[in-house]
Amino acid sequence: MAGTDSTKDAIAVGPSPVVLLVRPQMGENIGAAARAMKNFGLDSLRIVDPRDGWPNPKARAMSSRADDILDNATLFDTTPAAVADLHAVFATTARSREMEKPCLSPREAVAEMRRRLASGQRVGILFGAEKAGLDQSGSGDAQLFV
């Protein structure tokens, strides 16, 4: 049988990064993100200014048993507020950037996140915004990687 075996306890691997969704457009996208998080053992979801409001019943329908992640998700009005307690934020992009910020491969980013988490830092992975990507509104006091 394919899928996640929910009869087995999760393996404790230490702290994990927070997942931040910035201005997600549909509840289904939030639910799909929660489902992916559950499959990879991530449990902390922060949602910034969702277009269709929160909570969203379509998120729960799409989450496929990741209700615990949705139930514990935290809602924020702004990205700086959502990252204020984090030491480092890794912003995701599929496009190359000519920015002054360091650009890491996924493998490099995970290695850096693991190093920071092991040293007690709080780390986030930032996705969005869906419609137009991230803007230059800042990331609070967190160190931003792209």
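Here the structure is shown first, and the text comes after it.
Throughout what follows, the structure given in this document is the object of discussion. Small disclaimer: the values here were computed from a predicted structure and weren't measured.

**A short note on the environment of lysine 38**
Mapped onto the elements of the fold, lysine 38 is located in helix 1 (residues 27-39). For the pair lysine 38 and isoleucine 69, spaced 31 residues apart in the sequence, the C-alpha separation amounts to 7.5 Å. When sequence neighbours within four positions are dropped, the list of residues in contact with lysine 38 reads Arg65, Ala66, Asp68 and Ile69.

**Re helix 5 (residues 106-118)**
Taking 1.5 Å per residue, 13 residues should reach 18 Å; helix 5 reaches 18 Å between its end C-alpha atoms and fits that length. Restricting attention to buried positions, one finds in helix 5 the residues Ala109, Glu112, Met113, Arg116 and Leu117. Buried residues of helix 5, seen end-on, are gathered within an arc of 130° and therefore sit on one face of the element. Of the exposed residues in helix 5, those oriented more than 90 degrees away from the buried face are Arg107, Arg114 and Ala118. Where helix 5 ends, the next residue or the one after it, glycine 120, has phi of about 95°, a positive value.

Calculation criteria
Residues numbered from 1 in each chain as written. Predicted model: local features only at pLDDT ≥ 70, side-chain atom pairs only at ≥ 80, totals over all residues. Heavy atoms only, no water. Helix = DSSP H or I, 4+ residues; strand = E, 2+ residues; numbered from the N terminus. Contact = heavy atoms within 4.5 Å. Expected span 1.5 Å × (residues − 1). Buried < 20%, exposed > 50% of the residue type's maximum accessible area, 1.4 Å probe, protein only. Arc of directions from axis to C-beta.

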